[in-house]
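Structural overview
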Amino acid sequence: MTTAIIGVGNLGGTVARHLVGGGESVVLAAKDEAHAKALADELGPHASAASVEDAIAGADVVVLATWLDQTRELVPARTRLFEDKVVVDPSNPIGFENGQMIRTLPEVESSGSVVAGLLPESAHYVKAFGTLGADQLATSANREPRVVLFYATDDDAAEATAQRLITAAGFEPLKVGGVSDAGRIEGPDGELQGRIFDLDEARATIATKGVKA
Ligand SMILES: NC(=O)c1ccc[n+]([C@@H]2O[C@H](COP(=O)([O-])OP(=O)(O)OC[C@H]3O[C@@H](n4cnc5c(N)ncnc54)[C@H](OP(=O)(O)O)[C@@H]3O)[C@@H](O)[C@H]2O)c1
């Protein structure tokens, strides 16, 4: 199984490192292919670099580690490439204005619902890997007890993949619910985002908040 990671910045680069560390094979793509190649060279034989199109076409799973506005251009231009793929979306509805972090979608709308809506019907969508800041994600893999990474999906194949990749990356997977719950694990204001939990704490918090587990 190969995972394509589109975007090798703060978040995509961290996910790539963790997945390769857990024995997964990744193919990396970026706007500038040289950025993907530099990271692939650093990560060794389980990583390679390709164009965005080739990376998606050759992978079973695609992680869209791009900003929401970039994803909104990238996916519709290549919809057919996403047929039957598992698509992992770590995006948050976050932008910056005058150095201040702003929410880029109305409060009732999640980034997850937007990205899921861009994909063909045959794609298997899961919101995952965006719950922690990239620095938190980089430093909290393989702890004992393991740190929870939440995911949200309505799709069984996407759920199985999220569980496998989160585990390989060195974290404990925990479902918060379906795509309609994605906003709970998205920045800047989701109630479960940006928090380091072990499994017991995460389950207790989800139960308190009435989120489906
Ligand atoms: N940073 C965090 O702490 C964090 C935490 C949770 C979730 N997230 C989410 O993760 C996503 C990425 O954030 P980030 O901080 O990693 O951003 P970033 O550091 O700015 O990296 C963005 C990456 O996307 C690539 N890219 C941009 N347009 C592209 C295109 N058209 N085709 C292919 N690749 C393209 C860029 O390529 P180049 O390298 O060539 O410029 C770069 O590698 C965002 O949706 C964000 O909300 C981030």
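To be clear, the structure that these remarks concern was listed above.
Residues numbered from 1 in each chain as written. Predicted model: local features only at pLDDT ≥ 70, side-chain atom pairs only at ≥ 80, totals over all residues. Heavy atoms only, no water.

**Focus: the site of the ligand**
Neighbouring the ligand are 24 residues, the closest being Leu11, Asp32, His35, Thr66 and Ala134. In this structure, lysine 31 approaches the ligand through a main-chain N or O atom, which is 3.1 Å from a nitrogen atom. One of the side-chain N or O atoms of histidine 35 is found 2.7 Å from an oxygen atom in the ligand. Listing elements by their share of the shell around the ligand, those giving two or more residues are α1 (10-21) and α4 (68-74). Per-class residue counts for the shell around the ligand are 12 nonpolar, 10 polar and two charged. (Near = heavy atom within 4 Å. Polar contact = N/O pair within 3.5 Å; in protein donor to acceptor, adjacent residues only side chain to side chain. Helix = DSSP H or I, 4+ residues; strand = E, 2+ residues; numbered from the N terminus. Nonpolar A, V, L, I, M, F, W, Y, C, P; charged D, E, K, R; others polar.)

**Structural notes on α1**
In this model, α1 (12 residues) spans 17 Å end to end at C-alpha, consistent with the 16 Å of a helix rising 1.5 Å per residue. The element α1 is extensively covered by neighbouring structure, given that nine of its 12 residues are classed as buried. Listed as buried for α1 are Leu11, Gly12, Gly13, Thr14, Val15, Ala16, His18, Leu19 and Val20. Those residues of α1 that are buried lie in contact with β1 (2-6), β2 (25-29), α2 (33-43), β3 (47-49), α6 (134-139) and α7 (156-168). Immediately beyond the C-terminal end of α1, within one or two residues, lies glycine 23, with a positive phi of roughly 90°. (Expected span 1.5 Å × (residues − 1). Buried < 20%, exposed > 50% of the residue type's maximum accessible area, 1.4 Å probe, protein only. Contact = heavy atoms within 4.5 Å.)

**Let's talk about unusual backbone geometry**
Put simply, glutamate 144 and proline 145 share a cis peptide bond, and its omega is 0°. Note on placement: proline 145 falls in the loop between α6 and β9 (148-152). Cis geometry marks the peptide bond from glycine 187 to proline 188; its omega dihedral reads 5°. Mapped onto the secondary structure, proline 188 falls in the loop between β10 (172-177) and α8 (199-209).

**Digging into the packing of α1 against α2**
Relative to each other, α1 and α2 sit at 25°, their axes nearing to 11 Å. Classified by the angle between their axes, α1 and α2 sit roughly parallel to one another. Two packed elements cross with a definite hand, and for α1 against α2 that hand is right-handed. Taking contact as the criterion, the partners of Gly13, Ala16, Arg17 and Val20 in α1 are, on α2, Leu39, Glu42 and Leu43. Looking at the contact of α1 with α2 residue by residue, the classes come out as four nonpolar, one polar and two charged. (Axes fitted to C-alpha atoms, helices over the stretch in contact; angles between N-to-C directions. Parallel < 35°, antiparallel > 145°, perpendicular 65-115°, else oblique. Left-handed = near helix turned anticlockwise from the far one by under 90°.)

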